[in-house]
2 protein chains.
Amino acid sequence: MQINGHTELIAHLGHPTHAFKAPMIYNPYFASIGVNAVVVPMGCRPESYPLVLRGLFTLDNIRGALVTMPHKVSTVGLLDVATPTVQVAGACNAVKRDAEGRLVGDMFDGEGFVRGLRRKGLALAGARALVVGCGGVGCAIAASLAAAGVGALALFDTQAQSADDLAGRLRTHYPAITVTTGVKDPDGFDLVVNATPLGMNPGDPLPVDVARLAPGTFVGEVVMKTEMTAFLVAAQARGCRVQIGTDMLFEQIPAYLEFFGFPTTTPEELRAVARLEY
Amino acid sequence: MQINGHTELIAHLGHPTHAFKAPMIYNPYFASIGVNAVVVPMGCRPESYPLVLRGLFTLDNIRGALVTMPHKVSTVGLLDVATPTVQVAGACNAVKRDAEGRLVGDMFDGEGFVRGLRRKGLALAGARALVVGCGGVGCAIAASLAAAGVGALALFDTQAQSADDLAGRLRTHYPAITVTTGVKDPDGFDLVVNATPLGMNPGDPLPVDVARLAPGTFVGEVVMKTEMTAFLVAAQARGCRVQIGTDMLFEQIPAYLEFFGFPTTTPEELRAVARLEY
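Residues numbered from 1 in each chain as written. Chains lettered and ligands numbered in written order. Predicted model: local features only at pLDDT ≥ 70, side-chain atom pairs only at ≥ 80, totals over all residues. Heavy atoms only, no water.

Concerning the sheet that holds strand S6 (residues 103-106) of chain A
All names here are of chain A. Spatial ordering of the open sheet is given by S2-S1-S3-S5-S6-S4, a layout of six strands whose pairing is mixed. Sheet topology places strand S2 (37-43) and strand S4 (81-82) at the edges, where each strand pairs with a single neighbour. In this structure, strand S1 (residues 8-14) lies alongside S2, joined through seven bridges in parallel fashion. Bridge pairing links His-12 to Pro-41 in S2. Contacts from helix H2 (residues 49-56) reach S1, S2, strand S3 (62-67) and S6 within the one sheet, and its direction differs from that of S1 by about 170°. (Pairing = 2+ DSSP bridges. Helix = DSSP H or I, 4+ residues; strand = E, 2+ residues; numbered from the N terminus. Contact = heavy atoms within 4.5 Å. Axes fitted to C-alpha atoms, helices over the stretch in contact; angles between N-to-C directions.)

Some thoughts on the UniProt feature "transmembrane region" (unreviewed entry) in chain A
The positions UniProt marks with the feature "transmembrane region" (unreviewed entry) are residues 129-156 of chain A. In residues 129-156 of chain A, the share of helix is 43% and the share of strand is 32%. The end C-alpha atoms are 11 Å apart. (UniProt positions renumbered as here; feature names shortened; annotations may be inferred.)

So, the domain arrangement of chain A
All names here are of chain A. Once the domains are mapped, chain A shows domain 1 (8-107 + 250-273) and domain 2 (110-243). Averaged C-alpha coordinates put domain 1 and domain 2 at centres separated by 25 Å. In this assembly, 15 residues from domain 1 lie in contact with 16 residues from domain 2. Here domain 1 and domain 2 share an interface that buries about 1,200 Å² over both sides, 54% of which is from carbon and sulfur atoms. Salt-bridge contacts for Glu-258 lead to Arg-115; the nearest nitrogen and oxygen are separated by 3.1 Å. Across the domain 1-domain 2 interface, the total number found is four residue pairs in polar contact (both at pLDDT 80 or more). Counting residues per element, the ones that place at least two in the side of domain 1 that touches domain 2 are helix H4 (84-89), helix H9 (245-260) and helix H10 (267-273). (Domains from an automatic or database assignment. Buried area = accessible area lost by both parts, 1.4 Å probe. Salt bridge = Lys/Arg side-chain N within 4 Å of Asp/Glu carboxyl O. Polar contact = N/O pair within 3.5 Å; in protein donor to acceptor, adjacent residues only side chain to side chain.)

Shown next as structure tokens:
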């Protein structure tokens with residue numbers, strides 16, 4: 001990759017930046033296909049974020065922004081156009097200018113999760129899904145499951161208000177979906193998602209009672225610290241098909257690439273070119 | 001060079017960006033010495049420049065900014081601290097934050113020119129110099145010649161007011177230097193500088209009457225379009241030592257590197273690693 005006066009810029013906005021992975025995935029990919037663009041980490045504090053975002057999107061060579069912690073929620077209020085997924089998720093992780101100069105935002109965390117499920121052959125139309133954990137990532141996954149056409153969504157969070165707020169947004173945007181809250185019994189679902197941080201630390205309890213998991217239930221995970229978390233191991237032992245946490249990351253990148261208007265590719269190709277070991 | 005979450009950012013601010021050379025010099029250099037920093041072109045229009053500059057300097061990983069056309073003059077008014085060179089030149093091409101968070105600017109176009117002269121063995125203390133052309137680059141060279149201790153500066157511009165304004169700023173900051181304007185006869189100078197665009201186009205007249213150049217006079221050039229401009233060829237034929245235009249570019253980069261606090265190097269090393277052919 002050689003940066004020059006024709007290089008387009010994708011700002012990767014978050015704070016802190018040290019754990020950023022996107023530059024080591026996108027930039028080798030761009031180099032591999034001869035696209036003159038670069039993802040640049042920008043360590044931006046919350047108090048200056050509106051100023052930074054506004055300034056960056058006046059640049060001629062800005063192609064877009066990847067938005068991460070702690071800016072995903074505050075970005076929503078800075079957009080001119082927000083997709084339904086952004087509105088339901090209450091968060092945004094991708095920003096671009098459209099042809100009219102408007103700031104357009106979308107949210108691909110949940111889309112990555114859903115794409116992973118689809119590529120593993122899970123039919124989502126009319127499916128019954130349980131999402132445990134209604135923080136940022138849980139809201140994003142619920143929003144994308146709704147957009148994918150599930151028939152029923154059960155939401156659980158130890159902070160009941162979070163689940164209820166998300167349920168309200170889902171009912172507003174997707175009145176045809178049956179939305180319930182307050183229960184995390186995994187029995188009877190086509191899909192069960194751990195969207196809590198449980199599994200990050202050794203000795204964490206499992207997010208749901210795996211003894212109640214049926215073998216036909218698909219189990220998805222958001223924790224990326226280890227590929228096979230204790231929850232996924234237990235689910236697999238019950239006969240369930242599973243999706244690991246990093247699938248969400250690699251599956252969402254093609255969605256991002258389409259959003260920004262770049263040639264897209266498969267998660268496998270991205271995993272092959274990524275230089276995450278650096 | 002692999003950009004990751006620890007990469008420091010140097011914004012290269014100008015408009016348009018297409019002819020930018022700095023990314024193809026700095027980035028291969030940083031890679032060659034293992035410095036995790038990247039120069040990123042940012043096409044910034046004048047009306048949004050103050051916003052962009054302010055926003056960028058709130059970022060945690062901003063190391064500094066390289067400023068070029070059309071922002072060198074307007075930057076001066078946005079600084080908290082301006083060096084005498086910036087004040088005399090009326091322009092700034094390098095910005096950083098200091099330890100107190102102040103925006104500090106310096107100007108290295110003229111410094112590059114002066115470093116080139118020094119490395120060619122020209123003694124500047126007390127020297128008599130003629131600068132023809134008092135636009136941006138002429139002002140910058142005059143400011144750096146003054147800082148380098150010349151004894152007399154003669155300034156000429158077809159727009160007399162430009163030369164007179166520069167003379168006024170020089171007299172304020174360097175009262176010991178004899179500053180004159182209005183004459184471009186190169187006779188009797190230790191150094192004659194073409195700081196006009198003459199030489200950019202075939203058939204341009206020479207900037208001064210070369211028949212009046214003494215062999216002991218050193219002749220410098222700012223035009224970079226060809227290495228040996230007609231003016232330099234004529235001066236060399238008179239027996240003068242000369243400095244080509246791109247020396248100013250490569251000689252100023254070590255000054256920039258010092259300003260930003262990076263390990264510095266020689267212009268030769270920079271020319272060797274640069275990938276300008278891209």
